[in-house]
Amino acid sequence: MLKTILSFKKKIIFSLIFCLLFPASSVYGHGLGIDTIPSITIEEKQISISVEMPIYFENDQEQITITATDKETDDTVKNVTFVVGIFKSNELILRNYFFAENGILPIVITPTDDDDIIIHGEQDSLLGAWHGTELNPVEITGPLFNSGGLYNFEIEIRTIDEPTNILEDSGVYAADLSIVDSASHLEKDEDDADIQFSTKSYFDTVSNFHYDPEAKEVTFEMPFDWKESQMSHVSVVHVETHFPKDFTEFLSPSYSGFVNGIKLFKSSVTVDDYTYDDERTVHFVLLQDHLRYLKNEMRDSDQPLPDNVQFTLSASQKAKFPLIAYTESEDFKVNLAWDPVDIESGVATNFVFTIRDSYTDSPMRLSDYTFVIIQNNDEIYRASGNAAVGGDFEKFTFAKDQTGPTIIKFENIRNTGQETEFALVVVPGSEIEVFADEQKISENKSEEEGGGCLIATAAYGSEMAPQVQLLREIRDNQLMNTESGKSFMNGFNELYYTFSPTIADMERESPVFKEIVKAGLTPMLSSLAIMENAESESEVLGLGLSVIALNLGMYIGLPAFGIVKFIQLRKN
């Protein structure tokens, strides 16, 4: 199963956390293989109708199952006659009557390229409804479900309880399911060479695919109905873009995604370098809340709502850390960053990573791992370690002939055999050896210019410590991506760097003072962790003010309250 696509299952469960992955050839509706019409009132009964398709639709024959259930008793409804209409791209494919004595209607589908649709089974004499037996269900052959995209079902109920209990005007109800749409797209790179892209859509058919080598972006579109009646039962729109891992022109550490010109949340665009050996997969995952947000943004532009979704995938000029990858089991998530941001040959690179529980997102302490660097299918570095606090780092300097596409692989995570990987590009850089003293001077200069947190680095012993990395991630990923965050950092840095070098020197000189500072930083780091959830300007501002208020209370309010109480007790 696809690793990052499976993570989307978690996103749907923990509501907007990130990428559900399905098998590459899977079929699923807006409810993971089943779409349910939740409530229909017929003759004082509350009935739900579900339409289910198999996860795979690759065999010569597959089965669709339509079920009517009494919501009060949770039993199936007896003697149901369904009127089933199936549409694709607003064109009617099939419409007919079908009878299910026990409320469960299985229909065997045999897709062909014939011109006509033929139904095999028996017909009753009352409405001419098709029915079968448990051993010989109704079978439909012909040109249906033989291409990917969105299929719309319109369902009516004409009888319940008794075969002769004919209903009039019971209503027409809609259900939608999708067959994965796979397509290849041959595009040109900046040197006019052919590059093979491909897409997999788990919603509807992709069209107008184009790669722009100058802008370093991919664009494509698919049909979409923005009306509330349709959106109310669209739980997810999910599309994959595939391209070769050796296509360095577009192999960026991170990407920005846009829908109809509106920038998406970071969690809506994810990178998967693990599923395929030679391909990178970038996922667009739009949950229902994201779709509503996009719809509201389009309404604010005073333009008519379009009849499609226009996707743009743009290679980011600057890496947005941390990068995220999941193991195949979905038990573990690895966050990866590196310093410096541009990986050059001849320059020492610190690879900083955290192994997390993918369900709780918390760092997993005492995590064994094996860190591997691969180029041209050859292993050039391997090291095993234990991330005591869940996070660790590995340092490596690429030789001048070790440039180009590179795989960073994590093997045997927590001794489970699980693994995952990231793809990146090493660019030609300095051929001059950097000695330890020069490296130290460079690191100190970087810190003085605002590259690190001096107090936290001195407290935890390394700028690569997970606690320091947390501060760096929040600064780069949340604060520096918004105007309010940038304004705050500008003002904060002016004040912070007036006293932080002095405190950092005191920490280095006094182990006792260092431990006191470390203990004092712990509550602040815990409160700052909630900033990782901030995506938009309003979220950064709202959560930022909450964190400031919380820290004022912890570091000023509580001590002040204690001093007042102490003074009152002394007076008494």
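Placed above this text is the structure.
Described below are features of the structure shown in this document. (Residues numbered from 1 in each chain as written. Predicted model: local features only at pLDDT ≥ 70, side-chain atom pairs only at ≥ 80, totals over all residues. Heavy atoms only, no water.)

### With respect to the sheet that holds strand S17 (residues 217-223)
Going by this rule: In this scheme, strands are said to pair when DSSP sees at least two bridges between them. Segments assigned H or I by DSSP are reported as helices when at least four residues long, segments assigned E as strands when at least two residues long, and all are numbered from the N terminus.
Reading across from one edge, S16-S17-S23-S19-S20 is the order of the five strands in this open sheet, with antiparallel pairing throughout. Both outer strands of the open sheet, strand S16 (207-212) and strand S20 (262-263), are each paired with one neighbouring strand and no more. Looking at chain direction, strand S19 (residues 255-259) and S20 are connected through two bridges and run antiparallel. Note on S20: the bridge partner recorded for Phe 258 is Lys 263.

### Topic: the pairing of strand S28 (residues 378-387)
Sheet analysis places strand S27 (residues 367-375) next to S28, joined by nine bridges and oriented antiparallel. Looking at S28, one finds that Ile 374 is bridged to Glu 379. Following S27, the chain reverses through two residues before pairing antiparallel with S28; Asn 376 in that reversal takes a positive phi of roughly 55°.

### Comments concerning the sheet that holds strand S22 (residues 279-287)
As a reminder of what qualifies: Interaxial angles span 0 to 180 degrees and are taken between N-to-C directions of axes, which are lines fitted to C-alpha atoms, for helices over the stretch in contact. Any two residues whose heavy atoms approach within 4.5 Å are treated as being in contact.
Pairing in this open sheet of five strands is antiparallel, and the strands run S14-S15-S18-S22-S21 from one edge to the other. Two strands lie at the open edges of the sheet, namely strand S14 (181-188) and strand S21 (269-272), each paired on one side alone. Taken over all neighbouring pairs, the strand axes of this sheet differ in orientation by 20° on average, direction set aside. Direction of pairing for strand S15 (residues 194-201) relative to strand S18 (residues 236-244): antiparallel, over a ladder of four bridges. Considered in S18, the bridge of Lys 200 is made with Glu 240. Against the sheet, helix H3 (residues 288-300) engages S18 and S22, with an angle of about 75° to S22.

### Thoughts on the environment of Phe 396
By the secondary structure assignment, Phe 396 is in strand S29 (residues 391-397). When the C-alpha positions of Phe 396 and Asn 350 are compared, they lie 6.7 Å apart, and in sequence the two are 46 residues distant. The residues contacting Phe 396, other than those within four sequence positions of it, are Val 347, Ala 348, Thr 349, Phe 351, Ile 373, Ile 380, Tyr 381 and Gln 402.

### Some remarks on a negative patch on the surface
The following threshold applies: Like charges are joined within 9 Å and nonpolar side chains (Val, Leu, Ile, Met, Phe, Trp, Tyr) within 5 Å, but only among residues with over 30% relative accessible area and no salt bridge; these make up the patches. Only the protein chains shown count as cover for residues, and the accessible areas themselves come from Shrake-Rupley with a 1.4 Å probe. Counted as salt bridges are all cases of a side-chain nitrogen of Lys or Arg within 4 Å of a carboxyl oxygen of Asp or Glu. In this count, Lys and Arg are taken as positive residues and Asp and Glu as negative ones, while His and the chain termini are left out. To locate a charge, the coordinates of NZ of Lys, CZ of Arg, CG of Asp or CD of Glu are taken. Think of it in three bands: with a 1.4 Å probe and only protein chains considered, a residue is buried below 20% of the maximum accessible area for its type, exposed above 50%, and partly exposed in between.
Taken together, the side chains of Asp 113, Asp 114, Asp 115 and Asp 116 define an acidic patch exposed on the protein surface. With respect to the helices and strands, the residue Asp 114 is situated in the loop between strand S7 (104-111) and strand S8 (118-120). According to the relative accessible area criterion, Asp 114 is partly exposed, its value standing at 47%.

### Overview of the side chain of Ser 178
Let me state the cut-off plainly: Polar contacts here mean pairs of N or O atoms no more than 3.5 Å apart (in protein, one a potential hydrogen donor and the other a potential acceptor; neighbouring residues in sequence count only if both atoms are side-chain atoms).
As for its position among the elements, Ser 178 is in strand S13 (residues 173-179). Note on Ser 178: relative accessible area 1%, which makes it buried. Within the structure, the side chain of Ser 178 is placed 2.8 Å from the backbone oxygen of Phe 203, a separation counted as a polar contact.

Interpretation in functional terms is not warranted from these geometric data alone.
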